[in-house]
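What the coordinates show
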Amino acid sequence: MAEADEQHETDDEAGPVREWLTDDEGRKIESAIVAEQLDLRYPTSEEAVVECARLDIPEGEVTALVGPNGSGKSTLLKSLSNHLEPEAGTVTLHGRDVQSLDQDELAREMGVLSQENESPGSITVEDLAYHGRYPHRGFFESVSDEDHAAVDDAIEMAGVGHLRDTELGQLSGGQKQLAWIAMVLAQDTDVLLLDEPTTFLDLHHQFRVLETVRQLNEHEDVTVAVVLHDIAQAARFADNLVAMREGELYDWGPPEQVVTEQLLADVFGVEARVEYEPELQILPKRALSE
Amino acid sequence: MASTHSTDATTDQRHGRSWFTGRLVAFCLASTALTAAAGLIQVSFGSYSMTITQAWSALVSPDIVLDPAVWNAFLLGGELPEMDNVPLIVWNIRLPRVLVAVLTGATLGVSGAIFQAVTRNELASPYILGVSSGAGLAVLLTLVVFSGLAPFLPLIAAAGGTVAFALVYAIAWKGGTSPVRLVLAGVIVGTVFQSLQTGVFFFADDLGVVQSAIAWTTGSLTGTDWEQVRLAILPAAFALLFALLGARQLNVLLLGERTAQSLGMRVERVRFLLSGVAILAASTAIAIAGIVGFVGLIVPHVVRNVVGGDYRRLMIGSIFAGPALMVVADVGARLGMGALPWFGPVQVPVGVVTGLIGGPYFLYLMRRQQQMGEI
């Protein structure tokens, strides 16, 4: 596990500021996605919604974006997947600017699962999974053996094999989410971006989703960036955390270093006790006054 | 793992062809049978009385079917060789009307299906993006004001519809469009053009012109013959072919723009191109039959209820169901009044019949379904 090389800049507003990650021997860790000098705003806003000097999503690791409501996590994720054009700054995927890539080229390298997904109620889980192969199929091409194999693997990994022929309209929220995950898995990408995949799910399905993502990362070396609401969950499943507050990055690094009682107070407005042995545990006590 | 491997193989075969269901085939066969039956009725009955045997034997008579001069006349506008009254009426007057109905039904059905996917609204019709009001205004202006251009009416109507569509897209564009913006722009353009169209009516001083205008704006197959078939057959074939090719893209569009973009689709481009195909189809129908209402709205609905929402099936089904609806409606339009004892053999515009079918159909749907308006 790499440790962050700290270069402190005491800034009371933003917390400790770090430069890029290096491992024990001081080598720079490769980043799958790098965002620099980002200024993100929505068409209707006059000020920047997110401002970030540099963000790294390390290759082959699970990075979780955490922060309270309105901190800009989803906005940041949207810019990483080229769903939101930055007012200023660049986002590069494996060294190439995401805006310079063709839509389908990008889709072959990066899979994205949005927070809310809609579909005709009559589509089956299997049909939805096959849609994940869209970037790999030419206009006139029919379904190939490779497509069949990818879909089968995806459905098995997401654990919806028994729901293969069921219509999406008949599934529970958790099962539907797993079906969407199967679609994104079938896309067979090196990078996966997930926007709050567990927010509306029951506990069982929350774990299923995160376990699936974890397995994907461990067995297939897929880089994952996931926005999570629950910092305890994030600390448990992610290799790196990026904490955001009011549109800016507060801190980032491995969970043991990022999750401190100070962070929970500053960013989440919560007084909590944090224990590091035997494993990272967060015990919230009460909300702090504004 | 051995057992899963063998099921994988059968699953592959299953999914490769699984969208082409037996249900779809049965539906298409039934639609074709209905079209043929209604077509035969159209050919056998009318103001020139002939027996059914006379009519059917004229249809299959080898002297006509195998005569290249005849087909030259029909398809290329050459001179028609001499023939007796019965075959002449059957082949030159009644049959082309059936063919025009088939072309109109297929194009309107497909156009409606595409627009329902592009606007993500089950209540969308081919006319939702301004085509009908643009065509209607063009027709009125030509008939009332620029009467010298009357011979070019079909092309002018189609052009009017296309211009209105371009205007709708331009209004809806703001760095891109969305289904909602398109529909709103369609309403804007539609209302303005519709009002102008009604205004032009007041400047018409000839009853014949007014009736002509009404026939155009309601949709009528009266007086259609091989000329309309020749006009429409190539654009219609083109539009239907591209609609079939684009059906898979529509399935992905239905997943929402964000998902479609995440999957690598250039959403704006695909949406515009498919709308263009739908406009071509609708304009073709308008050029030969006027603005026939409800067909483009009902056909995708019926097909969806029978074969499901997968657009690969929906498109094929619409190509078969559209003609069935149109030919049946045209039987009512042409012969319906004559069948009622207290009316004479007066023809009504087919748009009247489709409206009379469409209203009750939606009433039936509304009573049956819980959710309406969303696909």
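A few points on the structure. Here the structure is a predicted model, which is why all the values come from computation and not from measurement.

Quick look at the overall build of chain B
Helix and strand counts for chain B come out as 17 helices and zero strands. A globule of 375 residues ought to have a C-alpha radius of gyration of about 21 Å, and chain B, at 22 Å, matches this closely. For chain B, the spread of C-alpha atoms along the three principal axes comes to 75 × 55 × 45 Å. Going through the 375 residues of chain B one by one, you find that 51% of them count as buried. If you take every contact in chain B between residues at least 6 apart in sequence, the share linking residues at least 24 apart comes to 76%. Taking the average place of the 20 positive charges on the side chains of chain B and the average place of its 17 negative ones, the gap between the two points comes to 17 Å.

Notes on the packing of helix α11 (residues 226–245) of chain B against helix α16 (residues 311–339) of chain B
Residue and element names in this part refer to chain B. Two elements in contact, α11 and α16, have axes separated by 8 Å at closest approach and are oriented at 155°. In terms of orientation, α11 and α16 fall into the roughly antiparallel class. For the pair α11 and α16, the crossing hand works out as left-handed. Facing L240, A243 and L244 of α11, the residues of α16 in contact are M315, I316 and I319.

Here's the deal with the sheet that holds strand β4 (residues 88–93) of chain A
Residues and elements named next belong to chain A. Read from one edge to the other, the open sheet built from four strands follows the order β2-β1-β4-β5, with strand pairing classed as antiparallel. Strands with a single pairing partner mark the edges of an open sheet, and in this sheet they are β2 (50–58) and β5 (96–97). With eight bridges joining them, strand β1 (residues 31–40) and β2 adopt antiparallel strand pairing. Bridging across to β2, E36 finds its partner in R54.

Describing α16(B)
Residue and element names in this part refer to chain B. Taking 1.5 Å of rise per residue, 29 residues should cover 42 Å, and α16 covers 39 Å from first to last C-alpha, within 8% of that figure. Taken as a whole, α16 carries its principal kink of about 40° at A333. Across the 29 residues that make up α16, a large majority, 22, are buried.

Quick look at the packing of aromatic side chains
Residues and elements named next belong to chain B. All chains considered together, the criterion is met by 13 aromatic pairs over all chains. Judged by centre distance (5.8 Å) and plane angle (90°), the ring pair of W71 and W91 falls under edge-to-face. Separated by 20 residues along the polypeptide, W71 in helix α5 (residues 68–76) and W91 in helix α6 (residues 85–118) bring together distant segments of the chain. Aromatic side chains Y361 and F362 sit 5.6 Å apart centroid to centroid with 75° between the ring planes, which places their arrangement in the edge-to-face category. Here the two residues Y361 and F362 agree in accessibility, since each one is buried. Through successive ring pairs, a cluster of aromatic residues spans W71, F74, W91 and W226.

As for the interface of chain B and chain A
Listed per partner, the contact involves 25 residues of chain B and 36 residues of chain A. Here chain B packs against chain A, burying approximately 2700 Å² in sum over the two surfaces, 53% of which is carbon and sulfur. Taken together, chain B and chain A are joined by three salt bridges. In this structure, the salt-bridge partner of B:R120 is A:E118, at a minimum N-O distance of 2.5 Å.

Calculation notes
- Residues numbered from 1 in each chain as written.
- Chains lettered and ligands numbered in written order.
- Predicted model: local features only at pLDDT ≥ 70, side-chain atom pairs only at ≥ 80, totals over all residues.
- Heavy atoms only, no water.
- Helix = DSSP H or I, 4+ residues; strand = E, 2+ residues; numbered from the N terminus.
- Rg over C-alpha atoms; globule rule 2.2 N^0.38 Å.
- Buried < 20%, exposed > 50% of the residue type's maximum accessible area, 1.4 Å probe, protein only.
- Contact = heavy atoms within 4.5 Å.
- Lys, Arg positive; Asp, Glu negative; His and termini not counted.
- Charge placed at Lys NZ, Arg CZ, Asp CG, Glu CD.
- Axes fitted to C-alpha atoms, helices over the stretch in contact; angles between N-to-C directions.
- Parallel < 35°, antiparallel > 145°, perpendicular 65-115°, else oblique.
- Left-handed = near helix turned anticlockwise from the far one by under 90°.
- Pairing = 2+ DSSP bridges.
- Expected span 1.5 Å × (residues − 1).
- Bend = angle between axes of the 7 residues up to and from the residue.
- Phe/Tyr/Trp six-rings, centres within 6.5 Å; stacked < 30°, edge-to-face > 60°.
- Buried area = accessible area lost by both parts, 1.4 Å probe.
- Salt bridge = Lys/Arg side-chain N within 4 Å of Asp/Glu carboxyl O.

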